[in-house]
Amino acid sequence: MKKHEIDFLQTTTIEHLQEKIPSCYGAVVTFGEKVLATMMSWKGQYEAATYEFIETPEETGLGDIECRLNLLEIADGTFKDGGHAMAWALKAAE
């Protein structure tokens, strides 16, 4: 497996991902019951990951952005831009 430059945490929240990923260098997007994350590494290459919700607002009384997420998959390769990274994440989340 490829060594990743970006540390996509095993358990996190949308709020934490949004704090970690600057909007000009990546994205955090909800897609149904999944959350897609892309980010540019210090090497200028994009990486992508998919997450699933492990809590709901109904269970916790929290907002979506505060509910915990579990890491599902990290792309094995890197991408030349954020659009290609997001395309991988969308396909992986289907």
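Worth saying up front: this structure is predicted, and the values here are computed from it rather than measured.

Draft legend 1. Quick look at the overall build of the chain. For the chain, the helix and strand inventory stands at 3 helices and 5 strands. A compact globule built from 94 residues would reach a C-alpha radius of gyration of about 12 Å, and the chain, at 13 Å, matches this within 12%. Seen along its three principal axes, the alpha-carbon backbone of the chain occupies a region of about 40 × 25 × 20 Å. For the chain, with 94 residues in total, the buried portion stands at 36%. Accessible surface, the chain as shown: approximately 5,500 Å² in total, 51% of it carbon and sulfur. Within the chain, the 16 negative side-chain charges are centred at a point lying 11 Å from the centre of the 8 positive side-chain charges.

Draft legend 2. Quick peek at the nonpolar core. Counting 16 residues, the largest nonpolar core has Phe8, Leu17, Val35, Tyr51 and Leu69 as its most contacted members. Only helix H1 (14-20), strand S3 (34-40), strand S4 (46-53) and strand S5 (68-74) provide two or more residues apiece to this core.

Draft legend 3. Representation of the sheet that holds strand S1 (residues 11-13). Spatially, S1-S5-S4-S3-S2 is the arrangement adopted by the 5 strands of the open sheet, whose pairing is antiparallel. Each edge of the open sheet carries a strand with a single partner, namely S1 and strand S2 (26-31). Adjacent strand axes in the sheet meet at a mean angle of 35°, parallel and antiparallel pairs treated alike. As judged from the 5 bridges shared by S4 and S5, these two strands associate in the antiparallel manner. Note on S5: the bridge partner recorded for Phe53 is Leu69. Strands in contact with helix H3 (residues 82-93) are S2, S3, S4 and S5; relative to S4, the strand with the most contacts, it is inclined by about 30°.

Draft legend 4. Expanded view of the pairing of S3. The element S3 is largely enclosed, with a buried count of 5 among its 7 residues. Sheet analysis places S2 next to S3, joined by 6 bridges and oriented antiparallel. Within S3, the residue paired with Ala27 across the bridge is Thr38. In this structure, the hairpin formed by S2 and S3 is closed by a connection of 2 residues, where Gly32 is found at a positive phi of approximately 65°. Pairing analysis gives 7 bridges linking S3 to S4, with the strands arranged antiparallel. The residue of S4 that forms the bridge with Met39 is Glu47.

Draft legend 5. Seen up close, the environment of Leu72. Inspection of the secondary structure assignment puts Leu72 in strand S5. Separated by 20 residues in the primary sequence, Leu72 and Ala92 have C-alpha atoms spaced 9.4 Å apart. Those residues in contact with Leu72 that lie beyond four places of it in its chain are Lys34, Thr50, Tyr51 and Glu52.

Criteria and thresholds
- Residues numbered from 1 in each chain as written.
- Predicted model: local features only at pLDDT ≥ 70, side-chain atom pairs only at ≥ 80, totals over all residues.
- Heavy atoms only, no water.
- Helix = DSSP H or I, 4+ residues; strand = E, 2+ residues; numbered from the N terminus.
- Rg over C-alpha atoms; globule rule 2.2 N^0.38 Å.
- Buried < 20%, exposed > 50% of the residue type's maximum accessible area, 1.4 Å probe, protein only.
- Areas by Shrake-Rupley, 256 points an atom, 1.4 Å probe, with all protein chains shown as cover.
- Lys, Arg positive; Asp, Glu negative; His and termini not counted.
- Charge placed at Lys NZ, Arg CZ, Asp CG, Glu CD.
- Core = buried A, V, L, I, M, F, W, Y, C linked by side-chain atoms within 4.5 Å.
- Pairing = 2+ DSSP bridges.
- Axes fitted to C-alpha atoms, helices over the stretch in contact; angles between N-to-C directions.
- Contact = heavy atoms within 4.5 Å.

From the geometry alone we can't say anything about function, so treat these as descriptive.
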